[in-house]
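# Summary of the model geometry
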Amino acid sequence: MRNQRGSTFIELLLYIGIVGVIMVTAASFLMNLLTSRAKVTASSEVLSNARLIQDRLHDAARHAQGINTGSSTFGSDPGALSFNMVSAGVDPTVFSLTTNDGQFQVSEGSGGNVTVSATDVQVTNLVFTNLTSTQDTGIIQVQFTLTAVNASGSSQFDYEESFQTTLRIPLD
């Protein structure tokens, strides 16, 4: 009997099949990992901007002495909110959206508009609702939607979330 060296054709096909299955599994895992990472990045950017917008609104409400109802736009999109501020240098403080790209902006006193939100998110459905009663100085409900800007067109980067908060001007 002679000693056989090497592999048979069937063994070669078996090895190629096993390696192919392993490579397809690894590629699928890698694609899922990249898709998940893209979603997490988009949602993280939206949540970070929402937190920044809400913090900026709450900080202004804490330092306000009233609401400029004549300069504010309530109950419609896009809304605008104008506060009478204690400090003359930042009076009035006005929150609104930019007209061209849906960025959240603030104007303090005679200064120009300063964009609060990042350029990779878009703010839509900005509605301020005046919930003030005769016993309160000011209660404002704020609703807005943030959408991750998806320049690539890939659905992996699509993320949108709506937010709602209530601002209260302190009674002093």
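Above this text you will find the structure in question.
A few points on the structure. What you see is a predicted model, and the numbers here were worked out from it, not measured in a lab.

What counts and what doesn't
- Residues numbered from 1 in each chain as written.
- Predicted model: local features only at pLDDT ≥ 70, side-chain atom pairs only at ≥ 80, totals over all residues.
- Heavy atoms only, no water.
- Pairing = 2+ DSSP bridges.
- Helix = DSSP H or I, 4+ residues; strand = E, 2+ residues; numbered from the N terminus.
- Axes fitted to C-alpha atoms, helices over the stretch in contact; angles between N-to-C directions.
- Contact = heavy atoms within 4.5 Å.
- Core = buried A, V, L, I, M, F, W, Y, C linked by side-chain atoms within 4.5 Å.
- Buried < 20%, exposed > 50% of the residue type's maximum accessible area, 1.4 Å probe, protein only.

## Thoughts on the sheet that holds strand β6 (residues 121–130)
Picture the strands of a sheet paired through backbone hydrogen bonds; they go either parallel or antiparallel. Read from one edge to the other, the open sheet built from 3 strands follows the order β6-β7-β8, with strand pairing classed as antiparallel. Either end of the sheet is taken by a strand with one partner, and the two such strands are β6 and β8 (160–168). This sheet shows a mean twist of 15° between the axes of neighbouring strands, independent of strand direction. Sheet contacts for helix α1 (residues 9–62): β6, β7 (139–148) and β8; angle to β8, the most-contacted strand, approximately 15°.

## Considerations on the nonpolar core
Formed by 29 residues in total, the largest nonpolar core has its most connected members in F83, F104 and F144. Elements that contribute at least two residues to this core include exactly α1, β1 (64–67), β2 (81–85), β3 (93–97), β4 (104–108), β6, β7 and β8. At 7 residues, the largest contribution of residues to this core is made by α1.

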